[in-house]
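Inside the fold
In case you want the letters, here they are:
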Amino acid sequence: MKQVFGMKSLVAVGIGASAAMWLSSKPNRVKAETVLREWKRKVKPTVFEKAEQLPIEKGAHPHPLDVEDNNMVSEGAMYSVQFYNEKIQ
């Protein structure tokens, strides 16, 4: 049986060969590497970039007149105290 190369396989070989020729020079490899790093950073940001984006407004210092926030803090503190007391007793 005779195999016939399809158009898709010829295009794939052509793209691969041209990419290999383009990446054979060092400046082009550096350009490609920086582009890939930027794409990766956009898709999956680092921990430090995520930390800078957090919207922390109050951050563990509730305002004395903010009743709802103070209730939430006091309930959280009571929960941990109750949990500790149940484990000890």
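Our subject in this report is the structure included herewith. (Residues numbered from 1 in each chain as written. Predicted model: local features only at pLDDT ≥ 70, side-chain atom pairs only at ≥ 80, totals over all residues. Heavy atoms only, no water.)

**Points about the pattern of salt bridges**
Applying the stated criterion across every chain, the model contains two salt bridges. Between Arg37 and Glu33 there is a salt bridge, with the nearest N and O atoms lying 2.6 Å from each other. You can see Arg37 and its partner Glu33 sitting in helix H2 (residues 26–43), four residues apart, about one turn around the helix. Among the residues examined, Arg37 registers a relative accessible area of 48% and is labelled partly exposed. Relative accessible area serves as the criterion here: at 41%, Glu33 is assigned to the partly exposed category. Put simply, Arg41 and Glu38 hold a salt bridge, and the shortest N to O gap is 2.9 Å. Within this pair, Arg41 and its partner Glu38 are both found in helix H2, separated by three residues, close to a single helical turn. Residue Arg41 is classed as partly exposed on the basis of its relative accessible area, which comes to 36%. You can call Glu38 partly exposed: its relative accessible area is 39%. (Salt bridge = Lys/Arg side-chain N within 4 Å of Asp/Glu carboxyl O. Helix = DSSP H or I, 4+ residues; strand = E, 2+ residues; numbered from the N terminus. Buried < 20%, exposed > 50% of the residue type's maximum accessible area, 1.4 Å probe, protein only.)

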